[in-house]
Structure formats: structure tokens, C-alpha cells
Amino acid sequence: MMRKKTTIPDILQMKQEGRRITVLTAYDFPFARLVDGGGVDLILVGDSAGVVVAGHDTTLPVTMDEMIYHVKAVRRAEPKALVVADMPFMSCQTGIEDACRNCGRMIKEGGAEAVKIEGGTNMAHVIRAVASIDIPVMGHIGLTPQSIHRMGGYKVQGRKDQGERIVEDALAVEAAGAFSVVLEGIPSRLAARISAELSIPTIGIGAGPACDGQVLVIHDILGLCEKYSPKFVKRYADLGPVISEAVRQYVSEVRSGEFPDEEHSFS
Ligand code: KIV
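All figures in this text were calculated on a predicted structure; none of them were measured in a lab.

Caption draft 1: Spatial organisation of the nonpolar core. Ranked by size, the top nonpolar core spans 80 residues in total, and within it Met106, Val115, Ile117, Val130, Leu183 and Ile194 carry the most contacts. At 6 residues, helix 6 (residues 124–132) tops the list of elements feeding residues into this core. Residues in contact with Val130, not counting those within four places in the same chain, are Ala99, Cys100, Cys103, Val115, Ile117, Ile135 and Val137.

Caption draft 2: Region of the structure containing the packing of helix 5 (residues 96–110) against helix 6. It is at 9 Å that the axes of helix 5 and helix 6 come closest, and there the two elements cross at 45 degrees. Here helix 5 is positioned oblique relative to helix 6, judged by the angle of their axes. The crossing of helix 5 and helix 6 is right-handed. Counted together, Ile96, Ala99, Cys100 and Cys103 of helix 5 and His125, Val126, Ala129 and Val130 of helix 6 form the full contact between these two elements. Residues that form the contact of helix 5 with helix 6 fall into these classes: 7 nonpolar, 1 polar and no charged.

Caption draft 3: Representation of the site of the ligand within the structure. The environment of the ligand is formed by Thr25, Leu44, Gly46, Asp47, Ser48, Asp86, Lys116, His140, Ile205 and Val217. In the environment of the ligand, an oxygen atom lies 3.0 Å from a nitrogen or oxygen atom belonging to the side chain of Asp47. Contact between the ligand and Ser48: an oxygen atom at 2.5 Å from a side-chain N or O atom of the residue. Protein contact buries 95% of the 260 Å² of open area that the ligand shows by itself. Within the shell around the ligand, the residues separate by chemical class into 3 nonpolar, 4 polar and 3 charged.

Caption draft 4: Examining the pattern of salt bridges more closely. For the structure on display, the rule yields 16 salt bridges. A salt bridge links Arg105 to Asp65; its shortest N-O distance comes to 2.8 Å. Taken together, the residues Arg105 in helix 5 and Asp65 in helix 4 (residues 64–75) connect sequence positions 40 residues apart. Its relative accessible area of 52% is what places Asp65 among the exposed residues. What emerges from the salt-bridge pattern is a single network uniting Lys5, Arg75 and Glu113.

Caption draft 5: Focus on the pairing of strand 8 (residues 213–216). Bridge count for strand 1 (residues 21–25) against strand 8 is 4 bridges, and the pairing is parallel. Bridged to Leu24 within strand 8 is Leu216. Bridging between strand 7 (residues 202–205) and strand 8 involves 2 bridges; their strand directions are parallel. Looking across to strand 8, one finds that Ile203 is bridged to Gly213.

Caption draft 6: Structural view of the environment of Thr25. Inspection of the secondary structure assignment puts Thr25 in strand 1. Classification of Thr25 as buried rests on a relative accessible area of 2%. As for Thr25 and Ser244, which are separated by 219 residues in sequence, their C-alpha atoms are 23 Å apart. Those residues in contact with Thr25 that lie beyond four places of it in its chain are Val35, Leu44, Ser48, Leu216, Val217 and Ile218.

Caption draft 7: Region of interest: unusual backbone geometry. Residues Phe259 and Pro260 are joined by a peptide bond in cis, for which omega reads 0 degrees. As for its placement among the helices and strands, Pro260 is situated in the segment after helix 11 (239–256). Residue Met90 is not a glycine yet carries a positive backbone phi of 75 degrees. You can see Met90 is positioned in the loop between strand 3 (82–86) and helix 5. Relative accessible area serves as the criterion here: at 44%, Met90 is assigned to the partly exposed category. Backbone geometry places Lys160, a non-glycine residue, at a positive phi of 55 degrees. Inspection of the secondary structure puts Lys160 in the loop between helix 7 (148–151) and helix 8 (163–175). The exposure class of Lys160 is exposed, given its relative accessible area of 81%.

The rules behind each value
Residues numbered from 1 in each chain as written. Predicted model: local features only at pLDDT ≥ 70, side-chain atom pairs only at ≥ 80, totals over all residues. Heavy atoms only, no water. Core = buried A, V, L, I, M, F, W, Y, C linked by side-chain atoms within 4.5 Å. Buried < 20%, exposed > 50% of the residue type's maximum accessible area, 1.4 Å probe, protein only. Helix = DSSP H or I, 4+ residues; strand = E, 2+ residues; numbered from the N terminus. Contact = heavy atoms within 4.5 Å. Axes fitted to C-alpha atoms, helices over the stretch in contact; angles between N-to-C directions. Parallel < 35°, antiparallel > 145°, perpendicular 65-115°, else oblique. Left-handed = near helix turned anticlockwise from the far one by under 90°. Nonpolar A, V, L, I, M, F, W, Y, C, P; charged D, E, K, R; others polar. Near = heavy atom within 4 Å. Polar contact = N/O pair within 3.5 Å; in protein donor to acceptor, adjacent residues only side chain to side chain. Areas by Shrake-Rupley, 256 points an atom, 1.4 Å probe, with all protein chains shown as cover. Salt bridge = Lys/Arg side-chain N within 4 Å of Asp/Glu carboxyl O. Pairing = 2+ DSSP bridges.

This is the structure we're talking about:
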């Protein structure tokens, strides 16, 4: 049976029906095809591209133009999964007008079907404005990588008496009109409480099993990111050594004259 395109109402319905939502990142055409072929419900074009593709230490340097480039490449794969684009640092932080214009660019130029904005109570006014012009917004609270300097590193958020602040963020994001919210790097029990309290789906990453869906970075699950491997990442394949071996073989065959042979040459 032909798979139908996933829509925002489909994602909302999945929570109502208790069906778990599957999300992976992709940043280019080949990975978008592979990830979509694997059957995910939603592709996140994350600003994690800045780390796993561009080699930065944080997501902070990522620009609007870079994100639009990645979103366009993903959309060219014509995925059935819903395509959500991450709003990079400083694209939404300077006020409602900039946020609406930049989120609009992501939809109009990039072809994204929704955007993701980091921040809770502090960004609720922005989420409200963007959602009010019919751009679906996914929230992102807890460990928000764009807040690395405030947090003093990628540290679990919401432990002990800090939990209430995360709950407030979740409620603010929902009230502002987000269609879903990423819960990153928070204790499982807190994520379970938020998932039960919200009517919109929660998508967890390092937030335990009780979320309505899960997201991971594709390079992490394939063993393509050597830089760091957080506790919440499960490696489903180890492609690094496979790729290195293929490259080694190519180099050796070119040097020895074994490649190209007749089969790979024109007469
Ligand atoms: O940038 C990203 O990939 C993300 C997810 C890991 C949630 O924000």
C-alpha cells in the first residue's frame, strides 16, 4: 500500500490513539531518502547539522541560509514524513517580526512543513505569533543546546526543585499554540508527568520512555559522530569503520592499478 504523506493532524492523532511518534534527523537528500524509507513519521532538519555535518563544537554558529540549504535538500527527497526545520540561534530571539519573517522563509524558501523553536516561557510570545500565522511550531524545552552558555554545558535540566520550571515551560509552549514539544535531557519521571499533562505530543531525547515519541540524531545512531556520545544515544549501526575500510580499499586499488578495470571503463 502507498504510504500517505504525514500531516500535523496525523501527529496530533497519534498521541490521542497512543501510537508512538518516530523522529530522526536528516540534513541532505540521500539521508532523507534512507530515513524516510525506514518509515519515520517525522524528519527533523536539526541545527545539529552544525555539529555533525559542519564540525562546529556547538549549534550556535548555524545560520538561516545554511538551514534553508539543508531543508531544501531534504525536501527534494519528497519524504512522506513530515519535515520540521530547526530555527537556528538568533533567528527568533530578536522579536516577533524577525521570528515570523525567518520562520516564513523556512516554509517558503526551504519547503519545511513546520518549524522548531527552542525555549519555554521566555519564547512563548514568539511561538504564539508564529503559530498565529499558520506556521506549525514544535517547541523544545529542557536541555536546549542553544542555551549552552547559560547552562554551563550540555547538562541534564529539571533535577530536584528545577522540575517545576520545566513544567511551566511545557505548559507555556502548549498554551502558545505549539503542535508538539521536544523534551531534551530531563529526568524520565518529569518527562512522564509533562507527557501526561499536555494534550500535544511530547518528543523525547534523553527524557526516558514515557514520551509520546522519540528523536535521535541520525549520525549518532549510525556511529558517524565520534566527537561525543551522550548516555541517551543508542548506536544501531557502526558505519564509521565500514566507510573507512571502503576508502582504504579504494586508495589501495587505485595505487596498485587494480581500479579502474575493464568493467568500469568505456571501450
Ligand atoms: O538539532 C537537533 O537535531 C535537535 C534534536 C536533537 C532534538 O534539536
